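Architecture and fold: a report
Take a look at the letters that make up each chain.
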Amino acid sequence: MNPIQTIFSQFIERFGTLSQGQKVAALVLSTVTIGSIIAMSFWIKTPDLQLLYANLSEQDASAIVDNLKSQKIPYELSNQGKTIRVPSNQVHEVRLQMASEGLPEGSEVGLEIFDKTSLGMTDFIQKLNFQRALQGELARTIKTLDAVDQARVHLVIPKQTLFIRKKPKGKASVTIKTKAGKSLNERQVQGIVHLIASSVEGITADSVAVVDVKGNLLSGSQQISIGAARSSSNYQHRRKVEQELEQNILAMLEDALGQGVVIARVTADLDFEKNDQTEEIYDPDSQVVRSQQTTSETAVGATAPGGTIGVQAQLPAGQNEGGAGAASQPSKRDKNNQVLNYEINKIIRVVSKPTGIVRKLSVAVMIDGTLSEESEYKARTQEEMDQYLQLVQSAVGYNEERGDQVKVENIQFDRTSELQRIKEMEKQQNIELAFQVGKYVLGLVFVILFFTRGLKPIITFITTKPEEEEEPEEELGDGLTDEERREEEQIRRLEEGLASAAEMRKSVNDFIGKDPKFTAGVVRKWLRQKEEI
């Protein structure tokens, strides 16, 4: 016979010998076992899903899902259909295939809008599509920045006309959503502003406004942006100076006293005023003749231009002071001109005052005490604190003329919260360790119980033949009732239990005294059997 048929027949034979309750328990146990095996097989066959795309638009998600269905690739949707996961061994292959088909397209419409054009498109529709495409391309470019999650761009492109002498200016606005845990600094915002201004004709940097999703203005006009950039730069420089001084103090004291026993805070007052001064200094005592020019002129016998000067010019012709007929004497004129150029010593001095110089420092340092062998707090001595004060003053460049202030105090630190946090962390670690150990222990116990209480009894039940109860052949099919069989059993036990006549007589008397009716029935049966013999 086939071994499988033999096992099956033994199982049916053993199952038929069970009581009603045992049959129900066996069926329940078999069902649970088969269900567990099926569940484990499904769990083992479940693929490891990894992220394919996240934060998809409804159009992109629908297109990608249809593509996955057509390829019969298992997928999982989450985050209201915005996140798609696929088996880990197919992530890169699916991404490359989706990219080759232009998915995901994104919610922004780019220049691909002109891939399909209709013949009846008007000039207005073409201009509108060009503006949409330009806005979409700019939004895609801005989204490539590391800190930007989403971006939208709105452009106001002026209408070009021949009847306006002065060309109108365009405007732009940008809405940005940053990624979790990241932010844009002023330089990055200005980079976005100039990106928009350089990409669209007619838009300048002062006409671009950048806001975040909460409505905070990140960039407005150019003057405001320059002022904000300068203020941000000054603040960052001040914080950098303060942090460097704090690190100098901590690095020096913690190396000597230990970690966590020093707290240092520095406040720096810096002068960011920009001052350029130009001086010109002249020295009059150091004059030197640079050049000299002398001119001499002599004129004889010539009348001066304009005639004779004086009363003689008013007299009649031929008359003079000496009387009539006196001849006029020839005139003589001398002219000397001298020009001297002096060079004076001049000093030109241009003084530019550096920005960010320290005007005043305020330093506060707290130092914890020590713990004795009995864990008792011990304050530091005044001599030690004086030494620490001198060290701190040297580390920060203390200058009394500037009005610097340095305070070093010995204060006992409150470490209650720190100790409590350490205890909670240890407790949490112990709980996690207990859960991990308990998980493996329960799994091991389940496996052991499954094999010992579930699988092994089933195997034993199937492979073991049922024990045949030995019954006397004369008792099979004798037609006796249940009551008669019980009487026979009692008689058999009575005969086996009596070893001697005295014991038999005593046992009979006791038996008759306990159940006279049953005794009478036994006697009648004996008499009936005797008559039959």
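Attention here is on the structure that accompanies the text.

What to know about helix H6 (residues 186-199)
Residues spaced three or four apart along an α-helix face the same direction, because each turn holds 3.6 residues. The terminal C-alpha atoms of H6, which comprises 14 residues, lie 20 Å apart, in line with the 20 Å expected from a rise of 1.5 Å per residue. Among all positions of H6, only Glu186, Val189, Gln190, Ile192, Val193, Ile196 and Ala197 are buried. The buried residues of H6 occupy an angular sector of 155 degrees when projected down its axis, which confines them to one face. Turned more than 90 degrees away from the buried face of H6 sit Arg187 and Ser198, all of them exposed.

Thoughts on the packing of helix H3 (residues 58-71) against helix H4 (residues 91-100)
Packing of H3 against H4 leaves a shortest axis separation of 12 Å and a crossing angle of 120 degrees. Where H3 crosses over H4, the handedness of that crossing is right-handed. Contact residues: H3 offers Ile64, Asn67, Leu68 and Gln71, while H4 offers Val94, Gln97 and Met98. Of the residues in the contact of H3 with H4, the class split is four nonpolar, three polar and no charged.

Quick look at the pattern of salt bridges
One pass over the full model with this rule turns up eight salt bridges. Residues Glu279 and Arg349 are paired through a salt bridge, measuring 3.8 Å at the closest nitrogen-oxygen approach. You can see Glu279 sitting in strand S9 (residues 275-300) and its partner Arg349 sitting in strand S10 (residues 332-353), a full 70 residues away along the chain. According to the relative accessible area criterion, Glu279 is partly exposed, its value standing at 26%. Each of the salt bridges in this network shares a partner with another, and the network as a whole consists of Arg238, Arg239 and Glu242.

Quick look at the nonpolar core
For soluble globular proteins, the rule of thumb is that nonpolar side chains tend to be buried together. Grouped together as the largest cluster of nonpolar side chains are 23 residues, with contacts concentrated most on Ile142, Val153, Leu155, Ile176 and Ile196. Looking at this core, the element that brings in the most residues is H6, giving five residues. When sequence neighbours within four positions are dropped, the list of residues in contact with Leu155 reads Gln131, Leu134, Gln135, Leu138, Lys171, Ala172, Ile196, Val200 and Ile203. Within the second largest apolar cluster, 21 residues are counted, among which are Ile249, Ala264, Ile367 and Met385.

As for the sheet that holds strand S7 (residues 217-219)
Strands sit in the order S4-S5-S6-S7 across an open sheet of four strands; the sheet is mixed. The open sheet has two edge strands with one neighbour each: strand S4 (148-156) and S7. Mean inter-strand twist for the sheet, computed between neighbouring axes without regard to direction, equals 25 degrees. The pairing of strand S6 (residues 208-212) with S7 spans two bridges and is antiparallel. Bridging across to S7, Val210 finds its partner in Ser219. Lying on the sheet, helix H5 (residues 123-143) is in contact with S4 and strand S5 (171-178); it crosses S4 at an angle near 150 degrees. Packed onto the sheet, H6 meets S4, S5, S6 and S7 and runs at close to 70 degrees relative to S7.

Quick notes on the rules
- Residues numbered from 1 in each chain as written.
- Predicted model: local features only at pLDDT ≥ 70, side-chain atom pairs only at ≥ 80, totals over all residues.
- Heavy atoms only, no water.
- Helix = DSSP H or I, 4+ residues; strand = E, 2+ residues; numbered from the N terminus.
- Expected span 1.5 Å × (residues − 1).
- Buried < 20%, exposed > 50% of the residue type's maximum accessible area, 1.4 Å probe, protein only.
- Arc of directions from axis to C-beta.
- Axes fitted to C-alpha atoms, helices over the stretch in contact; angles between N-to-C directions.
- Left-handed = near helix turned anticlockwise from the far one by under 90°.
- Contact = heavy atoms within 4.5 Å.
- Nonpolar A, V, L, I, M, F, W, Y, C, P; charged D, E, K, R; others polar.
- Salt bridge = Lys/Arg side-chain N within 4 Å of Asp/Glu carboxyl O.
- Core = buried A, V, L, I, M, F, W, Y, C linked by side-chain atoms within 4.5 Å.
- Pairing = 2+ DSSP bridges.

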